[in-house]
Amino acid sequence: MTTSADRRQRPGLAWAAPAALFFLVFGIVPIAAVVYLSLTRWDGLGTPQWIGLNNWRALANDADALHSIRITLLLTLLCWMIQTPLSMMIGVWAAGPQRNRAILSTLFFLPLLLSTAAIALVWLALLDPNFGLAHNLGGLVGVPDGNFLGDPHRALLSVAFVITWQFVPFHTLIYQAATRQIPHTLYESAALDGAATVRQFFSVTLPQLRNTVIASSVLIVVGSLTYFESILLLTNGGPGTATRVLPLHMYIKGFVGFDMGYASVLAVLLVLIGTLLSVLIVRTTGYHRMGSQREGL
Amino acid sequence: MTTYRAGGVSVARHARPGAPPPIWSTPPARPRRRHRWRRNWIAGVLSAIWLAIVILPLYMVLVTSVRTQSAYLSEGAIQPPTGLTLGNYGRTLRLGFGEFLMNSAIVAVFSIVLVGALALPAAYAITRGRSRIISGTFSMYLLGLAIPAQAVIIPIYLIVTKLHLYDSLLAIILPSTAFSLPMSIVVLTSTLRDIPNELYEAMFVDGAGPRRTFARLVVPMARPGLITIAIFSGLNAWNGIVFPLVLTQSESRRVLPLGLWNFQGQYGTDVPGLMAAVVLSALPVLALYLFGRRNLLRGLAAGFGK
Amino acid sequence: MHRNAVFPNRARHERAGWCGVRRRVWTRRAVACLFVAALLGLTAACALFPSGIGPGGRVFQVWALQDPQNQPIIQAALDSFNKTSTTKGSLTVYLNDAYKQKLQVSMGSPNAPDIFFNWGGGNLAPYVKAGRVATLDDALSENPSVKNAFLDSVMKTARIGGHQYGLPINGIQPVILYYNKAVFAKYHQQPPRTWDDLMTLVDAFKTHGVIPLVLPGTQAWTELMYLEYLLDRVGGPGKFEAIAGGNTSAWHDPAMLRALQLCQDLAKRGGFGTNFASINYDNTGASALFAQGKAAMFLMGSWEYTNQAQRQPDFFKSGNLGFTTFPTLTDGAGNPKDIVGNPSNYFSVRAGGRNTQAATTFLIKTLKSDAYVTSLVSSGQVPAIKGVNAKFAGSPNANFLNFTYDMANKAPAFTQSWDQALSPSVASELLTNLQKLFLSDITPQQFVDAMEKAQ
């Protein structure tokens, strides 16, 4: 029951207002502007001309856009499937108390130090088929001529690999910290019940990491949807359109092709897909209820 | 009832009734067991492979940064360098690296501070407030989670120009902050939701209004979440290239990612110079990490683990 | 157990954390933080706030591409202009892709540059159409010596709707076939005269494990060069002129189909090696391959000459950098002397700015001045100035300069690179489809269908 005294103790609108207003100006207003722009024809220079839903109708006929959506979802799935188990396993392992693990986890952290542009340029040099690692080690993975970025399928895998290289450290850190938080009593009881190492992982560690997995997954999904700088530098969407994800397609249409109206349609689409996916993840896993995994301890 | 004191972080964190302290903060007071953590060979092997994958490119960056350009082109990336040179680092520093670094640092620090100052009160209001308008703002932030920067760059550019902020670091800081806000608020609300009602009621009984509750209870207990969003928004600000590109112009306002350009000519990249710049740009973050590592892990634990 | 007064619950081994210092950890850390904060605070004061660039400035802004060759030349020109002018000029440079985005965002705003770098043709057209570019007609008619100084074929590219909107600022950049003399000597081969010669060479080099033609396929504009030349050789310059003029059905011309087929056949034949689609030009992957003799020939713009001089000095000094014209087609309708490439790069002036006058004066005074032209020549470029070959004598690069100048001067037709001549949206479709064509993902018929739809 909320008494009026209680109400005086609770934060009022003034607490939420600064952030809300700030985000309104720099977040919501631009989105609204983009929605408006999607209904116009504009080359970025003159004045936008209202054309109603023509751009949206063009979307239905744009095979490249549908292809981009497919590639984006594929890449997101790929990234999630690779990054989540990898980060989890390494994070759990790194959470152990052995001293060498502390040193190693520092080493694992290093890719986070580099900016996206730096990472893309470094990997571009490494993937050079004649002078880079691709040349030396390509044979090991069945690509003797080092042709990674030039083959449509391998290009997508290479891009997924670079993204993984960049972000696994971050997620490893999250899992590592979360694992260290797990109370040892749980493991002790499991051991008393006769559970072996592997079984302990599945019945103790994994459930305790549930909220972490959800949070990390939302970050991966949302991140993959808006990720495009590295791809721009590595393949520019190529070869052909093999790695042209939706943000890149939007960039090419808008800033290279000077068709800001249509690019705005793609932008709105991106925002919708992203919101949908995050809400989906959060709702279906009950994250929004913020239940604790330590109930009753 | 547990007492708490301002700055008494450790006590407040253990305030959940009955919860044992997290494993890392107490030394093993009981007799040593042979396997406190089970040996996980699979993960160990995987980690070794992953270590190689992580280290090899970094090794290449380091090694290339001390080669001359012609040596790089003739020897390739992997071979141990024959003649070492620090000329690339000299060139990097001469090309204004110090200024770019300072600008990037300013952008990152101010973004982090601004995000914290905006997000924490908002999260507090969302978790504890009773107004429907306030819950409405939370939905607004959820909508903002997946906005790509390129999509809204033109409207933002127009807004920044109207505010007469073009070609200033503020022009980068403000939009970067806005873009980090949704995730930060989501993380902080999740952190604050774990503060038990009893603690709030304790403050209430003591006669504390929202301001005192905020200062004495919320801020200390939100420290883990604050560290998480500091890393998140700091990295975004440090790495960002779209906002600096479009919203700044002069060299005096240039940030590090744009500074890497100095090594990319129109018809060829000065790869060793680029690598030297990359190494130099990574050093400050590395230093921060080495100093703050324990706090980092401690902070992240409570931010995500619960 | 010793109790630490500041952190009562920290375990012993944890207290010796930072720098291994036990006591007074907190104070030292606080001092360090304050110091850093103060430092940031001081410097932050300046950079946080706008730099004053914008409509109020009394300095005209020049935007150009980042280029170690041309940048110093333009900067020097600005410096000497600033000495005698009340309105000064200032140069800012950008990397290629970033430049186009930046320019597009800024041109509609008060922060637009007064002078901006562009490639003429379809690259410049959107800005002209939006009324953002000032014409130079008046200034040129007042200065007939400037007007008549430049090669007409080069001026033409920046002439839109009958008005002159840009002036050439650097050298002519035709596409040249470079070849590695050492590799040719080693296998006793001669540079190709005809397309059939080229096919023979391709087969010969393949057997020796040498890549016949190095192609940085991650960047589709390098593939475009082959198509441009082949279309001209097959059907003459009129074929592309029709397309550039807006005739979309001109894509279906049999000459275009044949040119596309020739490109695809060359790729399939192994003319570019197997991994060409992964090679990148910007990170010098292609130039190094060529210089080290792993590839025999390289079709690239004239700038590759100076690129080799700077990046592959050993190879360059060895004198093994050969250059020749693109092979001819014995049954083709095009004139063997036709060339393709970038006529030049241009500076255009923004319309309606405060400093239009000063900017125009700068261009008129500088671009054909002796100092400027000489510095271009010394950097290994061929300025688009009539009779400039008189300046070549005595230059170490005289051979190349004369070759390039003759190529451009005697060419009946100089077709601009298609990705700069066509509108940007069509250009980007063209490049994407071209990559697919070279990888044999689409047929020539599918290519022209897609291009007609795009235009």
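Reading guide: rules and limits
Residues numbered from 1 in each chain as written. Chains lettered and ligands numbered in written order. Predicted model: local features only at pLDDT ≥ 70, side-chain atom pairs only at ≥ 80, totals over all residues. Heavy atoms only, no water. Helix = DSSP H or I, 4+ residues; strand = E, 2+ residues; numbered from the N terminus. Buried < 20%, exposed > 50% of the residue type's maximum accessible area, 1.4 Å probe, protein only. Contact = heavy atoms within 4.5 Å. Areas by Shrake-Rupley, 256 points an atom, 1.4 Å probe, with all protein chains shown as cover. Phe/Tyr/Trp six-rings, centres within 6.5 Å; stacked < 30°, edge-to-face > 60°. Lys NZ or Arg CZ within 6 Å of the ring centre and 35° of its normal. 1 Å grid on protein atoms, 1.4 Å probe; cavity = no way out; pocket = protein on both sides within 12 Å on 5 of 7 lines; lining within 4 Å. Points joined across faces, edges and corners; volume = space filled by probe spheres on them. Nonpolar A, V, L, I, M, F, W, Y, C, P; charged D, E, K, R; others polar. Expected span 1.5 Å × (residues − 1). Pairing = 2+ DSSP bridges. Domains from an automatic or database assignment. Buried area = accessible area lost by both parts, 1.4 Å probe. Salt bridge = Lys/Arg side-chain N within 4 Å of Asp/Glu carboxyl O. Polar contact = N/O pair within 3.5 Å; in protein donor to acceptor, adjacent residues only side chain to side chain. pLDDT = per-residue confidence, 0-100. Core = buried A, V, L, I, M, F, W, Y, C linked by side-chain atoms within 4.5 Å. Axes fitted to C-alpha atoms, helices over the stretch in contact; angles between N-to-C directions.

Draft legend 1. Looking closely at the overall build of chain C. Within chain C one finds 22 helices and 13 strands. Taken over 455 residues, chain C has a buried fraction of 58%. In chain C, the proportion of contacts linking residues at least 24 apart, taken out of those at least 6 apart, comes to 76%. Total accessible area on chain C stands at roughly 18200 Å², and carbon and sulfur atoms take up 54% of it.

Draft legend 2. Structural context of the overall build of chain B. Of regular secondary structure, chain B possesses 13 helices and two strands. Classification of the 306 residues of chain B by burial places 60% in the buried group. Of the contacts made within chain B by residues no fewer than 6 positions apart, 72% connect residues no fewer than 24 positions apart. Here chain B displays about 12300 Å² of accessible surface, and carbon together with sulfur accounts for 65% of that area.

Draft legend 3. Region of interest: the packing of aromatic side chains. The final tally for this structure, using the stated rule, is 45 aromatic pairs over all chains. Between C:Phe290 and C:Phe298, the ring centres sit 5.8 Å apart and the planes meet at 50 degrees, which makes this aromatic pair tilted. The ring of B:Tyr200 has B:Arg128 sitting right over it, with the charged end atom 3.7 Å from the ring centre. Between C:Lys100 and the ring centre of C:Trp119, over which it is positioned, the NZ or CZ distance is 4.9 Å.

Draft legend 4. Main features of empty space enclosed by the protein. Empty space within the second largest cavity amounts to approximately 1100 Å³. A:Phe167, A:Gly223, A:Thr226, B:Phe232 and B:Asn236 are, among the 44 residues lining the second largest cavity, the residues nearest its centre. Counting only elements with at least two residues in the lining of the second largest cavity, the list comes to α8 (152-180) and α11 (210-226) of chain A together with α6 (149-162), α7 (169-193), α10 (223-239) and α11 (242-247) of chain B. When residues in the lining of the second largest cavity are grouped by element, the largest group, seven residues, is from α7(B). In terms of residue class, the lining of the second largest cavity is made up of 29 nonpolar, 14 polar and one charged.

Draft legend 5. Just α11(A), in detail. Helix length check: α11(A), at 17 residues, gives a terminal C-alpha distance of 25 Å against a target of 24 Å (1.5 Å per residue), a fit within 8%. With 14 of 17 residues buried, α11(A) lies mostly within the body of the structure.

Draft legend 6. Geometry of the pairing of strand β3 (residues 115-118) of chain C. Residues and elements named next belong to chain C. Across the two faces of β3 the burial is the same, with Ile115 and Phe117 and Phe116 and Asn118 all buried. Summarising the sheet, β3 and strand β12 (residues 346-349) pair through four bridges and their orientation is antiparallel. In the strand pairing of β12, Asn118 is matched with Tyr346.

Draft legend 7. Geometry of the domain arrangement of chain C. All names here are of chain C. Domain boundaries in chain C define domain 1 (11-172 + 345-409) and domain 2 (174-341). A C-alpha centroid distance of 31 Å is found between domain 1 and domain 2. Across the boundary between the two partners, domain 1 contributes 11 residues, which contact 14 residues of domain 2. Here domain 1 meets domain 2 over a buried area of about 1100 Å², counting both sides, of which 73% is carbon and sulfur. By the criterion of area lost to domain 2, the three top residues of domain 1 are Phe400, Phe403 and Met407, representing 54% of everything that side buries. Our count for the domain 1 to domain 2 interface comes out at zero salt bridges. A class-by-class count of the residues in the side of domain 1 that touches domain 2 yields five nonpolar, six polar and no charged.

Draft legend 8. Broad picture of the interface of chain C and chain A. Listed per partner, the contact involves 31 residues of chain C and 32 residues of chain A. Both sides of the chain C and chain A interface together cover about 2500 Å² of buried area, and 52% of this is carbon and sulfur. Of all residues in chain C, C:Gln104, C:Asn275 and C:Ser278 give up the largest surface area on contact with chain A, accounting jointly for 23% of the area buried on that side. Scanning the region where chain C abuts chain A turns up one salt bridge. Between A:Lys253 and C:Glu429 there is a salt bridge whose closest N-O contact spans 3.8 Å.

Draft legend 9. The interface of chain B and chain A, seen in detail. The interface of chain B with chain A comprises 106 residues on the first partner and 107 residues on the second. Applying the counting criterion to the chain B and chain A interface returns zero salt bridges. There are two residue pairs in polar contact (both at pLDDT 80 or more) connecting chain B and chain A. In terms of residue class, the side of chain B that touches chain A is made up of 78 nonpolar, 16 polar and 12 charged.

Draft legend 10. Representation of the pattern of salt bridges in the model. Residue and element names in this part refer to chain C. Applying the stated criterion across every chain, the model contains eight salt bridges over all chains. Residue Arg258 is joined to Asp331 by a salt bridge in which the shortest nitrogen-to-oxygen separation is 3.3 Å. Residue Arg258 is located in helix α13 (residues 254-268), and its partner Asp331 is located in the loop between β10 (321-324) and β11 (339-342); the two are separated by 73 residues in the primary sequence. For Asp331, a relative accessible area of 52% gives the class exposed.

Draft legend 11. The pairing of β11(C), seen in detail. Residues and elements named next belong to chain C. In this structure, strand β7 (residues 173-180) lies alongside β11, joined through two bridges in antiparallel fashion. Note that in β11 the partner of Gln173 across the bridge is Asn342. Sheet analysis places β11 next to strand β13 (residues 414-416), joined by three bridges and oriented parallel. Each residue of the ladder has a partner; that of Val340, found in β13, is Thr415.

Draft legend 12. Spatial organisation of the side chain of B:Asn239. Within the secondary structure layout, B:Asn239 lies in helix α10. Setting aside its immediate chain neighbours within four residues, B:Asn239 contacts A:Leu114, A:Ser115, A:Thr116 and B:Pro257.

Draft legend 13. The arrangement of the confidence of the model for chain B in detail. Residue and element names in this part refer to chain B. Considering every residue of chain B, the mean pLDDT works out to 75; 77% of them sit at 70 or more. Within chain B, no element has a lower average pLDDT than helix α1 (residues 9-13), which sits at 33, and none a higher one than α7, at 88. Predicted confidence for residues 1-38 stays below pLDDT 50, and this span has 59 contacts to residues more than four positions away or in other chains.

Draft legend 14. Highlighting the nonpolar core. One finds C:Tyr226, C:Trp251, C:Met297, C:Trp418, C:Phe438 and C:Phe447 to be the most contacted residues of the largest nonpolar core, which totals 317 residues. The leading source of residues in this core is helix α4 (residues 87-128) of chain B, at 15 residues. Setting aside anything within four residues of it in sequence, one finds C:Trp418 in contact with C:Leu224, C:Leu227, C:Glu228, C:Leu231, C:Phe240, C:Trp251, C:Met256 and C:Leu430. A:Met88, A:Ala178, A:Phe201 and A:Val213 belong to the second largest nonpolar core, which has seven residues in total.

Draft legend 15. Layout of the sheet that holds strand β6 (residues 167-168) of chain C. All names here are of chain C. Across the sheet, which stays open at both edges, the five strands sit in the order β2-β1-β3-β12-β6 with mixed pairing between neighbours. Since the sheet does not close on itself, it has two edges, and those belong to β2 (88-94) and β6, each with one partner. As defined by bridge partners, strand β1 (residues 59-65) adjoins β3 across two bridges and the pair is classed as parallel. Looking across to β3, one finds that Trp63 is bridged to Phe116. Along the sheet face, helix α3 (residues 70-84) touches β1, β2 and β12 and points at about 165 degrees away from the line of β2. Where helix α17 (residues 356-366) meets the sheet, its contacts fall on β1, β3, β6 and β12, and the angle it forms with β12 comes to roughly 155 degrees.

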